[in-house]
Amino acid sequence: MRPNLFWKLALTFLALLLGVLVAVDFFAERALRTDYERTGFNQLIAIARVAQARPPQLSQLPVLRPEDIASLRVWVEQMAVSGAHVTVITRDGLVLADSQPDPQASENHAGRPEIRDALAKGDGRSIRHSVTINRDLLYYAVRQNMPGGSLIVLRFALPLETVDEVLSSFRRSLWLASFVILLLAGAASLLISRSFSDRVDRLKEFSRRVAEGDFGPLPADSSGDALEALAASLNQTAARLDRTIRTLTEERNLSSAILASMLEGVAVVNASERLLFANQSFAEILELDVPPQSGRALVEVVRQTELIEAVRKVLAG
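Reading guide: rules and limits
- Residues numbered from 1 in each chain as written.
- Predicted model: local features only at pLDDT ≥ 70, side-chain atom pairs only at ≥ 80, totals over all residues.
- Heavy atoms only, no water.
- Helix = DSSP H or I, 4+ residues; strand = E, 2+ residues; numbered from the N terminus.
- Contact = heavy atoms within 4.5 Å.
- Areas by Shrake-Rupley, 256 points an atom, 1.4 Å probe, with all protein chains shown as cover.
- Core = buried A, V, L, I, M, F, W, Y, C linked by side-chain atoms within 4.5 Å.
- Buried < 20%, exposed > 50% of the residue type's maximum accessible area, 1.4 Å probe, protein only.
- Phe/Tyr/Trp six-rings, centres within 6.5 Å; stacked < 30°, edge-to-face > 60°.
- Lys NZ or Arg CZ within 6 Å of the ring centre and 35° of its normal.
- Expected span 1.5 Å × (residues − 1).
- Arc of directions from axis to C-beta.
- Pairing = 2+ DSSP bridges.
- Salt bridge = Lys/Arg side-chain N within 4 Å of Asp/Glu carboxyl O.
- pLDDT = per-residue confidence, 0-100.
- Patch = residues over 30% accessible without salt bridge, like charges linked within 9 Å, V, L, I, M, F, W, Y side chains within 5 Å.

A. Spotlight on the overall build of the protein. Across its full length, the protein carries eight helices and seven strands. Counting only contacts in the protein whose residues sit at least 6 apart along the sequence, the fraction spanning at least 24 positions is 47%. Surface summary for the protein: the accessible area is close to 19,500 Å², and the carbon and sulfur share equals 59%.

B. Just the nonpolar core, in detail. Residues L44, W75, V88, L154 and F156 are the most contacted members of the largest nonpolar core, which totals 25 residues. Elements represented by at least two residues in this core include exactly α1 (2-53), α2 (66-80), β1 (85-90), β2 (95-98), β4 (135-145) and β5 (151-159). Ranked by residue count, the leading element in this core is α1, at six residues. Excluding residues within four positions of it along the chain, F156 makes contact with L44, I47, A48, A51, A84, H85, V86, L138, Y139, Y140 and V142.

C. Representation of the packing of aromatic side chains within the structure. Counted according to the given criterion, the structure contains one aromatic pair. Arranged with centres 5.2 Å apart and planes meeting at 75°, the rings of F26 and F27 form a pair that is edge-to-face. Judged by its relative accessible area of 45%, F26 is partly exposed. Residue class for F27 comes out exposed when judged on its relative accessible area of 55%. R125 extends its terminal NZ or CZ atom over the ring of F41, reaching a point 4.7 Å from the ring centre. Positioned over the ring face of Y139 is R128, at 4.1 Å from the centre of the ring.

D. Spotlight on α2. Between its first and last C-alpha, α2 extends 21 Å over 15 residues, near the 21 Å set by a 1.5 Å rise per residue. All of the buried residues in α2 are D68, L72, W75, V76 and M79. Mapping the buried residues of α2 onto a view down its axis gives an arc of 100°, with all of them on the same face. Exposed residues pointing more than 90 degrees away from the buried face of α2 are listed as P66 and E77.

E. Expanded view of the environment of F13. Take F13: it is sitting in helix α1. Between the C-alpha atom of F13 and that of A185, which follows or precedes it by 172 residues, the distance is 8.7 Å. Not counting the four nearest positions on each side in its chain, F13 is found in contact with S189 and S193.

F. Geometry of the pairing of β5. Of all nine residues making up β5, eight are buried, and the element is well covered by its neighbours. Bridge count for β1 against β5 is six bridges, and the pairing is antiparallel. If you follow T90 over to β5, its bridge partner there is I152. Strand direction decides the pairing type here: β4 and β5, joined by nine bridges, are antiparallel. The partner of Q144 across the bridge, within β5, is I152.

G. Structural context of the pattern of salt bridges. Counted under the stated rule, the structure contains seven salt bridges. We note a salt bridge from R208 to E205, for which the minimum N-O separation is 2.2 Å. Of this pair, R208 and E205 both sit in helix α4 (residues 161-211), separated by three residues, roughly a single helical turn. Judged by its relative accessible area of 36%, R208 is partly exposed. Take E205: its relative accessible area is 36%, and that puts it in the partly exposed class. R312 is the partner of E309 in a salt bridge, and the nearest nitrogen-oxygen pair spans 3.8 Å.

H. The arrangement of the confidence of the model for the protein in detail. Residues at a pLDDT of 70 or more form 88% of the protein, whose mean pLDDT is 79. At the low end of the mean pLDDT range in the protein sits α4, at 76; at the high end sits helix α3 (residues 113-121), at 91.

I. A look at the pairing of strand β7 (residues 275-278). Taken together, the three bridges between strand β6 (residues 267-269) and β7 define a ladder with antiparallel strand orientation. Paired with V269 across the bridge in β7 is L275. Remark: five residues form the turn of the hairpin made by β6 and β7, two consecutive strands paired antiparallel; E273 in that turn has positive phi of roughly 60°.

J. Local environment of unusual backbone geometry. Backbone geometry places E273, a non-glycine residue, at a positive phi of 60°. Looking at the secondary structure, you find E273 in the loop between β6 and β7.

K. Looking closely at a nonpolar patch on the surface. A surface patch of nonpolar side chains, amounting to about 520 Å² of accessible area, comprises L176, F179, V180, L183 and L184. In this fold, L183 is placed in helix α4.

Next up, the structure:
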């Protein structure tokens, strides 16, 4: 019993603790990633507002003059100083300028979710993998009206490598701290489980002693919990049993002494016609040397048919 109870308690505590640590790690990582993404989008929105306050100056679209191309490149370089990846896109998805090298190699961007939302609602955002630069990015795009009724989309992006690095460092620190907590709490749970199982074993041993007639009290502890109250209650029960058994024994001995001292022959017979008690006078009447042993059948002791019939009539009422 002890190993089973001990290991059940210990493994239950450890499983609960491990589950809590895994849940904390999961939700803390999600909260940190969500907070970083929200901060990243706020940064992109601030950059977009600055860009809209100082939009690129273009004379006509979609065909650009050499001076427009040079001016657009200068504008993109100025916006890229913020650390964001800047892209200028026409409403048809054509890339006019990009802060990354070789923008002509970029695919058509009309189908990108942030571009579609920006053209439809004024702004759009998404988190996805960039095929052009092969990196995971936060994207934020805004629609910008140009002279002549044309419009372009200004898109800004930040890489997610930073958050991945932060999360990786956070995860290592969290798991290290979790491992230390698991060791300390595991050791504490093992000690508590062993103490609890030892106390249960003492109660089990005490109940066995009481069943064998040993009513010695169980040593008290100072835990102040339910097990201490149970031990105190068992001590009181054992003390009452001891007093009751002593009283019954004294009364039985007194009754036996009284019956044994009587001159008349006395015998006690149960419903199964077995002798429970017989005094010396009863043995002398039956011409026996000693009183018959308790538990013997009446017909084995008494040979008088009339006496046996009389006892049977009395037993029958």
